[in-house]
Amino acid sequence: MALALSPVPRKLRRPILGAAGLPDAAFRAVVLCFGALAVLALIGLIVAAMVEESSLSLSTFGPSFLAQNVWDPVKREFGTLPFIYGTVVSSLIALLIATPVSLGVAIFIVEMAPPWLGNAISVVVELLAAIPSVLLGLWGIFVMVPYLQRTVEPWFIERFPDVPLFEGPPYGVGLLAGGLILAIMIVPTIVAISRDVMLTVPISQREAMFALGATNWEATSWAVLPYARSGLLGAVMLGLGRALGETMAVTMVIGNRPDISASLFHPAYTMASVIANEFTEATFDLYVSALVEVGLALFLVTVLMNAVARLLVWSTAGSSQRVGAI
Amino acid sequence: MFDAWDKQTGNEVNYQSVGSGAGIEQLTKKTVDFGASDAIMTDEQEKNAGAAVLHLPVTIVAASIAYNLPGVKDVKLDGESIAGIYLGTIKSWDDPKIVALNPDLKLPKTPIAPVERSDGSGTTYIFTNYLSAVSADWKSKVGAGTSVKFPVGIGGKGNEGVAGQVSQTAGAVGYVEYAYAKQNNISTALVKNQAGKFVPATVPGQTAAAAGAAANMPADGKALIVNAPGEGSYPISGFSWIISYKDLTDPAKGKALVDLFTYTATKGQQFAEDLSYAPLPPAVQDLDGKLLKSLTLAGKPQ
């Protein structure tokens, strides 16, 4: 995977044989077109279109749109805070569950399983990625939610009566259900990438550890994981990106109430869900405009989360670079 | 129904299912010749349409009140109790207001878990218009629309989301489109109508509601028929409209459209019941006839 590969050292980027020839210049132009212009222009166009479409809402509500806790189409009051909360928290729950599981699966595939078993697991995990999200959502409604409602949530509510995290009636649907469905959806992404990242760790790293008398666990945790760290973070961040934007499956199990509550069992709402739910029947201009602005806010949240992730990667990359990993 | 029309006339109707908002948008941008909607266009939408629009009632739809109370059949509710449930003032099934409506039922203490449609829908439009018509509290606190801010409850996506949530939660109540409840054999409540009778959501009940409302209907067809008078009227009913420009600028196509609309409002009604929609009563079909005569072809009368 590209994420794992270290960038070409700067001195190699210069043409070796003096001035660049025509083919090289043409190649550069083409790559520049694809890389910079196409991607940047596309993002620019999308943002510009969203800003234009949401101008009515932007001028009506101003920055308070991001801080408002009310979403009432009848009274024409719109604020996106509950949706931001639902999106961020459900995605974080998903990450919290999916990251250890996925890393475990990837470590098992790369470091421990015999090749035939590793391959078989890889195929199954990739199959998981191929399940359409609406099917996962249906499974969520008919299998997971009833189980949460009858077994899991009452257990927590009984045992932790005063913990706000586990308060309230067991609806089944809610933040926890949304986070769980998201976790299932992002596991394949994280597994696939972290497996490939770990495969790029040179075998000599492990051999060196084994030569020092390290156990399997020590070799993995001291040699493989630190070497692959920035790639693994990249894998997790890609999973986070998917969780933030996922719409259908979450909508089906999160309960769709624009509330902010400390309880994991309380119904919530995500930004992608409210757009999917209400856009088709938005009956006046300000309403449509507000929904587009929710999209803009979702874009902003995604960019912010990605920026934080980048910073994280950079700050940890610093230490591993010294070992010569990157 | 449009397939039957194809066979009779050779004119193919390309019909796509999008939301009302998108349908109205497409009509406004003139990418389609006509649209259909469960909601009356707002003044803002009509203004955006740029030219005068016709609302032609073509079928009747209704919201059924689904509930989940194992062993309890034919629960009776009225407007006040449904509004109370969705406002959060009626919290359990043994609330005196519900018990008073169901003297012969043994109602459990189970808390009521209201479920609503989270996606904007015609069903929500009819349901909230009904509650606004019967409860002053609802009208001032919540109001009516294709999406509203429900004070309590959880949102399910689509009829299947609401029905799924109701079927899994003991004590749950939810409103679903009549056709969906009927086709999936969901147990639904009897609702008290203006005449004081408890009626189940049925096709005749919906047609009766339209017939009951027809006497006082505005000539432009833009009528809500919630809480309609008449002994057999099911109170949470509403029209579904074909929405078209009043002036059809292409005379040849316009003529074909008028024929199609006429067919839909008259002979096409025979297909409604098979699809679990209710046919229009004669009074509304007559009104449609008058509305159709008012359509013009490129500025000239037909």
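See the structure above.
Computed from a predicted model, the values in this text were never measured in an experiment. Every residue gets a number counted from 1 within its own chain, in the order that chain's sequence is written. By the order in which they are written, chains take letters starting at A while ligands take numbers starting at 1. Whole-chain, interface and lining totals are the exception, using all residues; otherwise, since this is a predicted model, local features are given only for residues with pLDDT of at least 70 and side-chain atom pairs are given and counted only at 80 or more. Side-chain calculation: all heavy atoms of the structure are included, whereas hydrogens and water are not.

Asker: Explain the packing of aromatic side chains to me, using residue names and the numbers behind them.
Answerer: Only centres within 6.5 Å qualify two rings of Phe, Tyr or Trp (six-membered ring in Trp) as a pair; their planes then separate them into stacked at under 30 degrees, edge-to-face at over 60, and tilted for everything else. A full pass over the atoms with the stated rule returns 23 aromatic pairs over all chains. With a centroid separation of 5.1 Å and an interplanar angle of 75°, the aromatic rings of Y86 of chain B and F127 of chain B are classed as edge-to-face. On the criterion of sequence distance, the pair formed by Y86 of chain B in helix 4 (residues 79–87) and F127 of chain B in helix 6 (residues 122–134) is long-range, its members being 41 residues apart. Residue burial is assigned from relative accessible area. The probe radius is 1.4 Å, only protein chains are included, and a residue is buried under 20% of its type maximum, exposed over 50%, and partly exposed in between. What makes Y86 of chain B buried here is its relative accessible area of 1%. Seen from their ring centres, F150 of chain B and Y175 of chain B are 6.2 Å apart, and the 35° between their planes marks the pair as tilted. One end of the pair, F150 of chain B, is in the loop between helix 7 (136–141) and strand 5 (154–156); the other, Y175 of chain B, is in strand 6 (residues 172–177), and 25 residues separate them in sequence. Comparing F150 of chain B with Y175 of chain B shows no difference in burial state: the two are buried. Cluster of aromatic residues (ring-pair linked, three or more members): F61, F65, W71, F78, F83, Y269, F284 and Y287 of chain A. Residue placement shows R76 of chain A over the ring face of F284 of chain A; its charged tip is 3.7 Å from the ring centre. Charge-over-ring placement is defined geometrically: NZ (Lys) or CZ (Arg) within 6 Å of the ring centre, and within 35 degrees of the ring normal. Across from the ring centre of F198 of chain B, 5.8 Å away, lies the NZ or CZ of K76 of chain B, which sits over that ring. Where helices and strands are cited, they refer to DSSP runs of H or I of at least four residues and of E of at least two residues respectively, numbered from the N terminus.

Asker: Outline the sheet that holds strand 7 (residues 190–192) of chain B, supporting the account with residue identities and numerical values.
Answerer: By definition, the strands of a sheet pair up through backbone hydrogen bonds, in either a parallel or an antiparallel sense. The mixed open sheet is built from 3 strands, whose spatial order is 3-7-8 (chain B). Among the strands making up the open sheet, the edge pair consists of strand 3 (76–77) and strand 8 (198–199) of chain B. Pairing between strands is defined by DSSP: at least two bridges between the two strands are required.

Asker: Summarise the pairing of strand 4 (residues 113–117) of chain B; cite the residues concerned and give the values.
Answerer: All names here are of chain B. Where burial is concerned, most of strand 4 is hidden: 5 out of the 5 residues are buried. Of the two faces of strand 4, the one holding A113, V115 and R117 and the one holding P114 and E116 are both buried throughout. The sheet contact formed by strand 4 and strand 5 spans 3 bridges and is parallel. Each bridged residue has a counterpart across the sheet, and for E116 the counterpart in strand 5 is G155.

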